[in-house]
Amino acid sequence: QVQLVESGGGLVQAGGSLRLSCAASGLTFSRYDMGWFRQAPGKEREFVAAINRFGSSTRYADSVKGRFTISRDNAKNTVYLQMNSLKPEDSAVYYCAARIELLQYKYWGQGTQVTVSS
């Protein structure tokens, strides 16, 4: 069965950095576009970043552009989210997700908590 397992979350001070990882299993990872989403308490889940299956194209939410970088290693079946210059408003549960190109995201991880203190 398909599993996406996020790791790397934690507590960090404003201005700090974290790197999230999402390890995939049970699917042919190189066939899937990957995305990161986040959900803060009382808010809807929102898009953060996405990368195509080749790793050649990325897209970011305006709120994280220039601070976050998404990347992937198809040999390791893993997608990453490097988060720099973190702000308190970045605090949320971060989820990775997988989809076949242009379709809805089909597989989701369980999430990892990121908390940024001011």
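The structure under discussion appears in the preceding block.
The structure presented is a predicted model; accordingly, all values stated were derived computationally and were not measured.

Caption draft 1: How the structure looks around the overall build of the protein chain. Helix and strand counts for the protein chain stand at zero helices and 11 strands. Walking the protein chain from its N terminus toward its C terminus, one meets helices and strands in the order β-β-β-β-β-β-β-β-β-β-β. The C-alpha radius of gyration of the protein chain comes to 13 Å, within 12% of the 13 Å expected for a compact globule of 118 residues. Dimensions of the protein chain along its principal axes, counting C-alpha atoms only, are 40 × 25 × 25 Å. Within the protein chain, the proportion of its 118 residues that are buried is 44%. Within the protein chain, residue pairs in contact and separated by at least 24 positions form 55% of the contacts whose partners lie at least 6 positions apart. Here the protein chain displays about 6,400 Å² of accessible surface, and carbon together with sulfur accounts for 45% of that area.

Caption draft 2: Region of the structure containing the nonpolar core. Grouped together as the largest cluster of nonpolar side chains are 30 residues, with contacts concentrated most on Met34, Trp36, Leu81, Met83 and Tyr94. Of all the secondary-structure elements, those providing two or more residues to this core are β3 (18-25), β4 (33-39), β5 (46-51), β7 (68-73), β8 (78-83), β9 (92-99) and β11 (112-117). If we ignore the near neighbours within four places in the chain, the residues touching Leu81 are Leu18, Arg19, Leu20, Trp36, Val48, Ala49, Phe68, Thr69, Ile70 and Tyr94.

Caption draft 3: Region of interest: the pattern of salt bridges. Inspection of every chain in the model, using the stated rule, returns four salt bridges. Among the salt bridges present, the one from Glu46 reaches Arg38, with a minimum N-O distance of 2.6 Å. According to the relative accessible area criterion, Glu46 is partly exposed, its value standing at 36%. A relative accessible area of 5% places Arg38 in the buried class.

Caption draft 4: Structural detail: the pairing of β3. Looking at chain direction, strand β1 (residues 3-7) and β3 are connected through five bridges and run antiparallel. By the bridge assignment for β3, Glu6 is matched with Cys22. The pairing of β3 with β8 spans six bridges and is antiparallel. For Cys22, the partnering residue across the bridge sits in β8 and is Val79.

Caption draft 5: How the structure looks around unusual backbone geometry. Phi at Asn77 takes a positive value of approximately 55°, unusual for a residue other than glycine. Accessibility expressed as a relative area gives 27% for Asn77, which makes it partly exposed.

Caption draft 6: Expanded view of the pairing of β11. Alternating positions in β11 separate cleanly, Thr112, Val114 and Val116 being buried on one face and Gln113, Thr115 and Ser117 remaining unburied on the opposite face. Relative to β11, strand β2 (residues 10-13) runs parallel, the two sharing four bridges. Note on β11: the bridge partner recorded for Gly10 is Val114. In this structure, β9 lies alongside β11, joined through three bridges in antiparallel fashion. For Val93, the partnering residue across the bridge sits in β11 and is Gln113.

Rules used throughout
- Residues numbered from 1 in each chain as written.
- Predicted model: local features only at pLDDT ≥ 70, side-chain atom pairs only at ≥ 80, totals over all residues.
- Heavy atoms only, no water.
- Helix = DSSP H or I, 4+ residues; strand = E, 2+ residues; numbered from the N terminus.
- Rg over C-alpha atoms; globule rule 2.2 N^0.38 Å.
- Buried < 20%, exposed > 50% of the residue type's maximum accessible area, 1.4 Å probe, protein only.
- Contact = heavy atoms within 4.5 Å.
- Areas by Shrake-Rupley, 256 points an atom, 1.4 Å probe, with all protein chains shown as cover.
- Core = buried A, V, L, I, M, F, W, Y, C linked by side-chain atoms within 4.5 Å.
- Salt bridge = Lys/Arg side-chain N within 4 Å of Asp/Glu carboxyl O.
- Pairing = 2+ DSSP bridges.

In short, shape yes, function no, at least from these values alone.
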